Amino acid sequence: MTEISNVARLSEPLKFAYWVPNVSGGLVVSTIEQRTGWDFDYNKKLARIAENSGFEYALTQTRYAASYGADKQHEATSFSLALLAATERLKVIAAVHPGMWHPGVLAKYIITADHISNGRAAVNIVSGWLKNEFTNFGLDWLEHDERYVRTEEFIKILRGLWTEQEFSQAGKYYNITDFTLQPAPVDVPGRAHPEIFFGGNSTAAQATAGRVADWYFSNGKDLDGFKENIAGVVSSAGESRREAGRGGTLPALTAPRFGLNGFVIARDSEKEARDTLREIVAKAHKPAVQGFRDAVQEAGASTQDGKGMWADSSFEDLIQYNDGFKTQLIGTPEQIAERIVEYKKIGVNLMLTCYLHFQEEVAAFGQDILPIVRELEADLARKHGAELDLSNTPAANAEVAA
């Protein structure tokens, strides 16, 4: 049995998100059938299915150059805004690259999206790994750890502009002088400002997340692998978060929460689920996967300690380009629910999921897997002297709205 981590929040129900398929080709690079569309009409229907199936978040992918089996892609922030306008409760996280955006411009954009959606806008800050996207645009390409220096400045500016008037920050990459953005973000109870998600597996990424992020996202990991990531983030938190990196002038930061990617294959039997995984692998688009592997493993090797994203990913892992198979959400609904709760025990707060057939399988997840997760969470909490508080879940909010 998995031991309960000291960062596990047993009384808080797990949150669930899904990857927005705003790029063509689905979420695995394989010729297996994927009944998933990248167009807006498909995604609008999917978002409504998701918010009615117990999902709290959606994460829109950011790509500029056609790559890795996706020859078409929609821009993340505009697509996210459209999904926010098409839904009522779903929070949509737009992935953005420092270096592609100025933090002040993004801060203003997200405030507008926040008002249009009544406080449901969020961002995922992605430091960047695809060199050609930057260099072919004529933008500076920074070495690995330096990208995280820039990212940390970027996040501090977002938070400062969202929470202060006449905000100033002098840094290596950005200089803001006495700037006020009006209106401010929507005042949402329990939220200091639009949530800032941040991802990366490297030591530099974990340290940055520990200091400045609200949420730390990771590629797929097994239990032991994600324990290591959580420990790396926690070790860099503490006093630096209370100071918020600016001498205590910004609001105190709560400890980061943890999100983990996982590819879900739920079938009537474990054999059927495993057979589906084998078919995905057997039908992999080998040239695309190998090209991606060459690019990302060079990026991972560029870190000082060789612990970057995808540094230890096999060819089979990379068929799902965020290592989703490693999380092993594969089997019957009962097996998947049990696996998810094992991750909760080590400190996971949110599962970021993806599928072969998004609309059907997101609905099935909400119907077949989520109720089992809630039962297991309630049992786990009671065994440790707590009660699971479901008052702020999407289901509870939907009942209030009705």
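A brief report on the enclosed structure follows. (Residues numbered from 1 in each chain as written. Predicted model: local features only at pLDDT ≥ 70, side-chain atom pairs only at ≥ 80, totals over all residues. Heavy atoms only, no water.)

Moving on to the layout of surface pockets. In this model, the largest pocket occupies a volume close to 1300 Å³. Together, 50 residues line the largest pocket, and Lys15, Glu56, Lys91, Gly190 and Glu195 are the ones closest to its centre. For the lining of the largest pocket, the elements supplying multiple residues, two or more each, are strand 4 (121–125), helix 5 (144–163) and helix 13 (394–401). Ranked by residue count, the leading element in the lining of the largest pocket is helix 13, at four residues. Looking at side-chain class alone, the lining of the largest pocket contains 21 nonpolar, twelve polar and 17 charged residues. (1 Å grid on protein atoms, 1.4 Å probe; cavity = no way out; pocket = protein on both sides within 12 Å on 5 of 7 lines; lining within 4 Å. Points joined across faces, edges and corners; volume = space filled by probe spheres on them. Helix = DSSP H or I, 4+ residues; strand = E, 2+ residues; numbered from the N terminus. Nonpolar A, V, L, I, M, F, W, Y, C, P; charged D, E, K, R; others polar.)

Let's shift gears to the pattern of salt bridges. Taken as a whole, this structure holds 24 salt bridges when the rule is applied. The salt bridge partner of Arg274 is Glu270, with a shortest N-O separation of 3.8 Å. With a gap of four residues between them, Arg274 and Glu270 both fall in helix 9 (residues 270–282), about one helical turn apart. Between Glu377 and Lys344 there is a salt bridge, and its shortest N-O distance comes to 2.7 Å. Taken together, the residues Glu377 in helix 12 (residues 358–383) and Lys344 in helix 11 (residues 333–346) connect sequence positions 33 residues apart. Pair check on accessibility: Glu377 and Lys344 agree, each one buried. Connected through salt bridges with shared partners, the residues Arg9, Glu12 and Arg257 form a single ionic network. (Salt bridge = Lys/Arg side-chain N within 4 Å of Asp/Glu carboxyl O. Buried < 20%, exposed > 50% of the residue type's maximum accessible area, 1.4 Å probe, protein only.)

Mapped onto the elements, Ser236 comes out in helix 7 (residues 223–236). Beyond its immediate chain neighbours, meaning those up to four positions away, Ser236 contacts Gln206, Ala207, Gly210 and Arg211. Among the polar contacts listed, one links the side chain of Ser236 to the backbone oxygen of Gln206, at a separation of 3.4 Å. (Contact = heavy atoms within 4.5 Å. Polar contact = N/O pair within 3.5 Å; in protein donor to acceptor, adjacent residues only side chain to side chain.)

Together, Asp268, Glu272, Glu334, Glu338 and Asp368 make up a region of like negative charge exposed at the surface. Checked against the element boundaries, Asp368 lands in helix 12. Judged by its relative accessible area of 34%, Asp368 falls in the partly exposed class. (Patch = residues over 30% accessible without salt bridge, like charges linked within 9 Å, V, L, I, M, F, W, Y side chains within 5 Å. Areas by Shrake-Rupley, 256 points an atom, 1.4 Å probe, with all protein chains shown as cover. Lys, Arg positive; Asp, Glu negative; His and termini not counted. Charge placed at Lys NZ, Arg CZ, Asp CG, Glu CD.)

Our next topic: the nonpolar core. Core analysis: the biggest nonpolar cluster contains 109 residues, and Tyr18, Ile125 and Ile340 have the highest contact counts within it. Here the element with the most residues in this core is helix 12; it accounts for eight residues. Apart from residues lying up to four places away in sequence, Tyr18 is in contact with Leu46, Ala47, Ala50, Phe55, Tyr57, Ala58, Leu59, Leu90, Leu352, Thr353 and Phe358. (Core = buried A, V, L, I, M, F, W, Y, C linked by side-chain atoms within 4.5 Å.)

Now for the packing of helix 1 (residues 40–51) against helix 2 (residues 76–86). Contact geometry of helix 1 with helix 2 gives a least axis separation of 10 Å together with a crossing angle of 50 degrees. The angle between the axes of helix 1 and helix 2 places the two elements in the oblique class. The handedness of the crossing between helix 1 and helix 2 is right-handed. Residue-level inspection shows Phe40, Asn43, Lys44, Ala47 and Arg48 of helix 1 in contact with helix 2, the latter providing Phe79, Ala82, Leu83 and Ala86. Residues of the contact of helix 1 with helix 2, tallied by class, amount to six nonpolar, one polar and two charged. (Axes fitted to C-alpha atoms, helices over the stretch in contact; angles between N-to-C directions. Parallel < 35°, antiparallel > 145°, perpendicular 65-115°, else oblique. Left-handed = near helix turned anticlockwise from the far one by under 90°.)

Here the focus is helix 12. The α-helix winds at 3.6 residues per turn, so residues separated by three or four positions along the chain end up facing the same way. The end-to-end C-alpha distance of helix 12 is 35 Å, a good match for the 38 Å that 26 residues give at a rise of 1.5 Å each. Residue Ile369 marks the point of greatest curvature in helix 12, where the axis turns by about 40 degrees; the proline Pro371 follows within four residues. Looking at the residues trailing helix 12, positive phi occurs at Gly385, about 75 degrees. (Expected span 1.5 Å × (residues − 1). Bend = angle between axes of the 7 residues up to and from the residue.)

What follows deals with the side chain of Thr62. Positionally, Thr62 belongs in the loop between strand 2 (57–60) and helix 2. Judged by its relative accessible area of 15%, Thr62 falls in the buried class. Setting aside its immediate chain neighbours within four residues, Thr62 contacts Ala76, Ala95, Val96, His97 and Val126.

Residue Pro183 follows Gln182 across a cis peptide bond; omega there is 0 degrees. Within the element layout of this structure, Pro183 appears in the loop between strand 6 (175–179) and strand 7 (196–199). For Asn118, which is not glycine, the phi dihedral falls at a positive 60 degrees. Of note, Asn118 is situated in the loop between helix 3 (103–116) and strand 4. In this structure Asn118 comes out as exposed when scored by relative accessible area, which is 62%. If you check the backbone angles, Glu166 has positive phi at about 50 degrees while not being a glycine.

Overall, the coordinates contain two cavities of 30 Å³ or more when judged by the stated rule. Estimates place the volume of the second largest cavity at around 40 Å³. Lining the second largest cavity, in full, are Thr77, Ser80, Leu81, Leu84, Val92, Ala94, Tyr109, Ile110, Ala113, Ala121 and Ala122. Sorting the residues of the lining of the second largest cavity by element identifies helix 2, strand 3 (91–96), helix 3 and strand 4 as the ones contributing at least two each.

We now examine the packing of helix 6 (residues 203–212) against helix 7. Contact geometry for helix 6 and helix 7: axes closest at 7 Å, N-to-C directions at 50 degrees. Here helix 6 lies oblique to helix 7, going by the angle between them. In this structure, helix 6 meets helix 7 at a crossing whose hand is right-handed. For the pair helix 6 and helix 7, the contacting residues are Gln206, Ala207, Ala209, Gly210 and Arg211 in the first and Glu228, Asn229, Gly232, Val233 and Ser236 in the second.

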